[in-house]
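The primary structure of each chain is shown beneath.
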Amino acid sequence: MKQLTKAEEEIMQVLWQLQQCNVAAIIEKLPAPKPAYNTVSTIVRILESKGFVGHEKEGKGHVYHPLVQKSDYSNQSINKLVDGYFQGSFKSMVSFFMKKNDMGLSELESILKEIKKDEK
């Protein structure tokens, strides 16, 4: 799966949220300053060429929908982060974020409880 640029990822976040929409609806959900219609339309077409987005013809326009699930992309991105910066070690990544964010043991225990709850 290809990596997305920051702009592409921002568009995908909206598509994952809305599930299907036209370019105008995407622009409406983006923060100010709003990008130009043609800019968003171009990015959506790039996302289509990368296999992230599909479309249906509706009247004179198109309604777009994600072809890649957010969880699949998130998983791939996290794995790339772990491989690239932490030599494939999730333990090293967690340790790094605990130290950088001044996280205490009680917060880590809370996270472990959430993980165990999700395993059931």
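See the structure printed just above.
All figures in this text were calculated on a predicted structure; none of them were measured in a lab.

With respect to the nonpolar core
Of all hydrophobic cores here, the largest spans 20 residues; its most connected members are Ile11 and Ile26. Those elements giving two or more residues to this core turn out to be α1 (6–18), α2 (23–29) and α3 (37–49). Those residues within four positions of Ile26 in sequence are excluded, and the remaining contacts are Ile11, Val14, Leu15, Cys21, Val40 and Val44.

Topic: the pattern of salt bridges
Two side chains that carry opposite charge are able to pair once their charged atoms sit near each other. Across all of its chains, the model carries two salt bridges by this definition. For the salt bridge of Glu8 with Lys50, the shortest nitrogen-to-oxygen distance reads 2.7 Å. In this pair, Glu8 sits in helix α1 while Lys50 sits in the loop between α3 and β1 (53–58), placing the two residues 42 residues apart along the sequence. Notably, a salt bridge pairs Glu114 with Lys117, separated by 3.5 Å at the nearest N-O pair. Of this pair, Glu114 and Lys117 both sit in helix α6 (residues 105–119), three residues apart, which is roughly one turn of that helix. Residue classification places Lys117 among the exposed positions, given a relative accessible area of 51%.

Structural notes on the packing of α1 against α3
Packing of α1 against α3 leaves a shortest axis separation of 10 Å and a crossing angle of 90°. Regarding the angle of α1 to α3, the classification is roughly perpendicular. Taking contact as the criterion, the partners of Ala7, Glu8, Ile11 and Met12 in α1 are, on α3, Val40, Ile43, Val44, Ile46 and Leu47. Considering only residue class, the contact of α1 with α3 consists of eight nonpolar, no polar and one charged.

Analysis parameters
- Residues numbered from 1 in each chain as written.
- Predicted model: local features only at pLDDT ≥ 70, side-chain atom pairs only at ≥ 80, totals over all residues.
- Heavy atoms only, no water.
- Core = buried A, V, L, I, M, F, W, Y, C linked by side-chain atoms within 4.5 Å.
- Buried < 20%, exposed > 50% of the residue type's maximum accessible area, 1.4 Å probe, protein only.
- Helix = DSSP H or I, 4+ residues; strand = E, 2+ residues; numbered from the N terminus.
- Contact = heavy atoms within 4.5 Å.
- Salt bridge = Lys/Arg side-chain N within 4 Å of Asp/Glu carboxyl O.
- Axes fitted to C-alpha atoms, helices over the stretch in contact; angles between N-to-C directions.
- Parallel < 35°, antiparallel > 145°, perpendicular 65-115°, else oblique.
- Nonpolar A, V, L, I, M, F, W, Y, C, P; charged D, E, K, R; others polar.

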